[in-house]
Amino acid sequence: MLKNNKIKKLPKAYDYYKEVKEKTDKLSTKIFGSDNNEFLKQRLYNLVINLCNQVIYDYNYKITKDELYLIADYNINIDSLLNNFKEDIIIMKYR
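A quick note: this is a predicted structure, and the numbers were derived from the prediction, not measured.

S.K.: It is not clear to me how helix α1 (residues 16-32) should be interpreted in this structure. Could you clarify?
M.R.: Given 3.6 residues per helical turn, the α-helix brings residues three or four places apart onto the same face. Here α1 contains 17 residues, and its C-alpha end-to-end distance of 23 Å stays within 8% of the 24 Å for a straight helix at 1.5 Å per residue. The largest bend in α1 comes to about 25 degrees, at K26. Every buried residue of α1 is accounted for by Y16, E19, V20, T24, L27, S28 and F32. Backbone geometry just after α1 places G33 at a positive phi near 55 degrees.

S.K.: Sorry, what's going on with the pattern of salt bridges here?
M.R.: One side chain can pair with another of opposite charge once the charged atoms of both are near each other. Under the criterion given, the structure shown has 3 salt bridges. Across the salt bridge formed by K21 and D25, the nearest N and O atoms sit 3.1 Å from each other. With K21 and D25 both in helix α1 and 4 residues apart, this pair spans about one turn of that helix. Taking the relative accessible area as the measure of exposure, K21 reaches 23% and is therefore partly exposed. A relative accessible area of 25% means that D25 is categorised as partly exposed. Residues E38 and K41 are paired through a salt bridge, measuring 3.4 Å at the closest nitrogen-oxygen approach. You can see E38 and its partner K41 sitting in helix α2 (residues 38-56), 3 residues apart, about one turn around the helix. For E38, a relative accessible area of 55% translates into the label exposed.

S.K.: Hey, could you run me through a nonpolar patch on the surface in this one?
M.R.: A surface patch of nonpolar side chains, about 300 Å² in accessible area, is lined by Y17, Y57 and Y59. Among the structural elements, Y17 can be located in helix α1.

Scoring rules and cut-offs
- Residues numbered from 1 in each chain as written.
- Predicted model: local features only at pLDDT ≥ 70, side-chain atom pairs only at ≥ 80, totals over all residues.
- Heavy atoms only, no water.
- Helix = DSSP H or I, 4+ residues; strand = E, 2+ residues; numbered from the N terminus.
- Expected span 1.5 Å × (residues − 1).
- Bend = angle between axes of the 7 residues up to and from the residue.
- Buried < 20%, exposed > 50% of the residue type's maximum accessible area, 1.4 Å probe, protein only.
- Salt bridge = Lys/Arg side-chain N within 4 Å of Asp/Glu carboxyl O.
- Patch = residues over 30% accessible without salt bridge, like charges linked within 9 Å, V, L, I, M, F, W, Y side chains within 5 Å.
- Areas by Shrake-Rupley, 256 points an atom, 1.4 Å probe, with all protein chains shown as cover.

In short, the description is geometric, and any link to function would need to be established separately.
Printed below as a string of structure tokens:
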């Protein structure tokens, strides 16, 4: 039997979209409260991805009317929301 205690596990591969999805799913409960459902989770995820990607890939993104209503209806603080994704943005920006 081969035994080598010095072998380290390979680092977990970073999956940007999966990480953002997991974080938005957790945040959705706080943001949407009792209204929380899969449709709202997906809308929040799309909003976050669009906002983060404009920084990561250096392009301008225009918020849609539906996204604006989502932000207004649920009083979403964009600055506070994006603070949850700073690390993800940095990882992807300098990858």
